[in-house]
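Structural overview
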Amino acid sequence: MNQIQMWQTQFLTVDRSQNELGREAIIQFLRSGHSVFLTGGAGSGKTHMLKQIVSQFQQTAILAPTGIAASNVGGQTIHSFFSLPPHLQKPSEVNAKIKNAFLIKRLQLLVIDEISMVNPLLLDCIDNLMQRIRGCGLPFGGCAVLFCGDIAQLPPVIQDKKTGDGLSQKEVLVKMGYSSTLVTDSKVWASVKYVVELQGSWRQDGDPHFFNLLSDIRNHLLDKKKDSLRSTFSEINSQCVGRNLPPKFTTLASTNNRVREINGIELDKMQGEECYYDATVVGEWRDEFSRAPRQLILKEGVQVICVANDPLKQFMNGSIAEVVELEPKAVWVKLEDKQVIKVQPQRWDNWQYKWDEESGRMSVQSVGHFIQLPFQVGYALTIHSSQGLTLNRVNFMTERLFDQRLAYVALSRCPSLQSLSLSQSLH
């Protein structure tokens, strides 16, 4: 019997009054060399706790499956850190002679955020690669691993397009013995020793009934509660389908094309001249690291959504505002509390892990950056790009949903049931 099969997962639930105890327990689990899964529903405080835990370790790499997710936690993408190609590979075919092998040998803690978006084959490739580089047959080469995320939220992006061998990515996974595209079906997932689940949600504090409805959906998606969602969806539908929201709401749609169409139509309605704001790009940069566009087109009166937290704490990532005055290198906006503020461009960095010879430890360094006003035209967003945001009012376009997890993500952006409108009924 191998090491993975011998371990039995232990579960720990943590409510808000126990957050400090939960954090210290996770730190001790990780220092013992175990893998831990930190989870919880939308808005439960996972990212905040993750950052507190990471501060207690030195040789740490924080990774995420997408550029925006990596930027949110000040880390690097999985594929970049492990020099992995975008296509699927067998674990044994992954090249172990990579530039970060020196760092991987010295890792004390590997953190993977937004773990729900990682497909099972990718995680098994990481495990196999780390075992070979570290010369240790234990899971992840004996390195402690902290997974963070919610399996009920965004699933892995699996391409339907056929590859050179005539198979889609999903068909490749099935052929390799995976029963689903979820990371929990990876072979190495059985090595997760502890699952710590945060209870409650800061986002729906003012509407406990809505929180309970969202919990019903999440439990169903996690197979904790196999009852039909018919009654839960029926209640949400009865209150929200066709609801007229007050101005300054955000439409969530499942496709980029629909989002571009909505934002383009609304921008064209505005009178006045368009003003163009071009980003400054330095060094190594890919647009996936920021929600802000390379070229931002604005008019006075247009609605924008803030895509970064303001250093002065005047607005947050997800805040809605109205443009009231355009300057060559800044914009004046009116926030929802009617406050008018001047917003300057902000900087996003492409972080990569390096070895610092002087300190004898790993450090994260910027290899490129992007400077732009922290806005998008804000009438519509994709569900994927809304991950992690709190939106005060949401018009959810429920068409073309390929996974109920997308519905859960969209619904849970709202602080209350009264702030939600649906284009048509959920099923």
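So, here is what we can say about the structure in this document. (Residues numbered from 1 in each chain as written. Predicted model: local features only at pLDDT ≥ 70, side-chain atom pairs only at ≥ 80, totals over all residues. Heavy atoms only, no water.)

Side note on the side chain of Asp 113
Topologically, Asp 113 is positioned in the loop between β5 (109-112) and α7 (120-134). For Asp 113, the residues in contact, after removing those within four places along its chain, are Thr 47, Leu 50, Leu 63, Ala 64, Pro 65, Val 73 and Cys 148. (Helix = DSSP H or I, 4+ residues; strand = E, 2+ residues; numbered from the N terminus. Contact = heavy atoms within 4.5 Å.)

Structural notes on the packing of aromatic side chains
Inspection of the entire model under this criterion finds 10 aromatic pairs. Between Trp 285 and Phe 289, the ring centres sit 5.4 Å apart and the planes meet at 55 degrees, which makes this aromatic pair tilted. Just as Trp 285 is buried, Phe 289 falls in that class too. Each member of the aromatic cluster is reached from another via a ring pair, and the members are Phe 37, Phe 140, Phe 147 and Trp 189. The side chain of Arg 106 reaches across the aromatic face of Phe 102, ending 3.6 Å from its centre. Directly above the ring of Tyr 178 sits Lys 187, whose terminal nitrogen or CZ lies 4.2 Å from the centroid. (Phe/Tyr/Trp six-rings, centres within 6.5 Å; stacked < 30°, edge-to-face > 60°. Buried < 20%, exposed > 50% of the residue type's maximum accessible area, 1.4 Å probe, protein only. Lys NZ or Arg CZ within 6 Å of the ring centre and 35° of its normal.)

A short note on the packing of helix α9 (residues 208-221) against helix α12 (residues 404-411)
At a minimum axis separation of 10 Å, α9 and α12 run at an interaxial angle of 160 degrees. The pairing of α9 with α12 is recorded here as roughly antiparallel in orientation. Along this stretch, α9 crosses α12, giving a crossing that reads as left-handed. Along the contact surface, α9 presents Phe 210, Leu 214, Ile 217, Arg 218, His 220 and Leu 221, while α12 presents Gln 404, Arg 405, Tyr 408 and Leu 411. Split into classes, the residues belonging to the contact of α9 with α12 amount to six nonpolar, two polar and two charged. (Axes fitted to C-alpha atoms, helices over the stretch in contact; angles between N-to-C directions. Parallel < 35°, antiparallel > 145°, perpendicular 65-115°, else oblique. Left-handed = near helix turned anticlockwise from the far one by under 90°. Nonpolar A, V, L, I, M, F, W, Y, C, P; charged D, E, K, R; others polar.)

With respect to empty space enclosed by the protein
Summed over the entire model, instances satisfying the criterion amount to one cavity of 30 Å³ or more. Split into classes, the residues belonging to the lining of the largest cavity amount to three nonpolar, five polar and two charged. (1 Å grid on protein atoms, 1.4 Å probe; cavity = no way out; pocket = protein on both sides within 12 Å on 5 of 7 lines; lining within 4 Å. Points joined across faces, edges and corners; volume = space filled by probe spheres on them.)

A look at the sheet that holds strand β15 (residues 340-343)
Note: strands within a sheet are paired through backbone hydrogen bonds, in either parallel or antiparallel orientation. With antiparallel pairing, five strands are arranged side by side in an open sheet as β15-β14-β13-β12-β18. Edge strands, defined here as strands with exactly one partner in the open sheet, are β15 and β18 (375-377). Shown here is a sheet whose adjacent strand axes are inclined to one another by a mean of 45 degrees, direction ignored. As judged from the four bridges shared by strand β14 (residues 331-335) and β15, these two strands associate in the antiparallel manner. Within β15, the position partnered with Val 333 by the bridge is Ile 341. (Pairing = 2+ DSSP bridges.)

Remarks on the packing of α9 against helix α10 (residues 230-240)
Look at α9 against α10: their axes get within 9 Å of each other, and the N-to-C directions meet at 140 degrees. Comparing their axes, α10 and α9 come out oblique. Like other packed secondary-structure pairs, α9 and α10 cross with a definite hand, here left-handed. Together, His 209, Leu 213, Asp 216 and Ile 217 of α9 and Thr 232, Phe 233, Glu 235 and Ile 236 of α10 make up the contact between the two elements. Class assignment for the residues of the contact of α9 with α10 results in four nonpolar, two polar and two charged.

Re unusual backbone geometry
Phi is mostly negative for residues that are not glycine, and the peptide bonds are mostly trans. Of note, the phi angle at Lys 248 is positive, near 65 degrees, even though the residue is not glycine. Relative to the elements of secondary structure, Lys 248 occurs in the loop between α10 and β8 (250-253). You will see that Lys 313, though not glycine, has its phi angle at about 65 degrees, which is positive. Among the secondary structure elements, Lys 313 is positioned in the loop between β12 (303-306) and β13 (320-326). For Lys 313, a relative accessible area of 75% corresponds to the exposed category.

Notes on the pairing of β12
Burial of the side chains of β12 extends over both faces: Gln 303 and Ile 305 are buried on one face and Val 304 and Cys 306 on the other. Pairing of β12 with β13 involves three bridges; the strand directions are antiparallel. Note on β13: the bridge partner recorded for Ile 305 is Ile 320. With three bridges connecting them, β12 and β18 associate as antiparallel partners. For Val 304, the partnering residue across the bridge sits in β18 and is Val 377.

A short note on α7
In this model α7 runs 21 Å from its N-terminal to its C-terminal C-alpha over 15 residues, within 8% of the 21 Å that 1.5 Å per residue would give. Where burial is concerned, most of α7 is hidden: 11 out of the 15 residues are buried. Along α7, the positions that sit buried rather than exposed are Pro 120, Leu 121, Leu 122, Leu 123, Asp 124, Cys 125, Ile 126, Asp 127, Leu 129, Met 130 and Ile 133. For α7, the N-terminal cap is Asn 119; the gap from its side-chain oxygen to the backbone nitrogen of Leu 121 is 3.0 Å. (Expected span 1.5 Å × (residues − 1). Polar contact = N/O pair within 3.5 Å; in protein donor to acceptor, adjacent residues only side chain to side chain.)

Some points on α9
With 14 residues, α9 should reach 20 Å at 1.5 Å per residue; the first-to-last C-alpha distance of 20 Å fits that figure. Of the residues making up α9, those classed as buried are Phe 210, Leu 213, Leu 214, Ile 217, Arg 218 and Leu 221. For α9, the angular spread of buried residues about the axis comes to 140 degrees, placing them on one side. On its buried face, α9 sits against β2 (35-40), β7 (192-198), α10, α12 and β21 (420-422). Just downstream of α9 lies Asp 223, where phi reads positive at about 65 degrees. (Arc of directions from axis to C-beta.)

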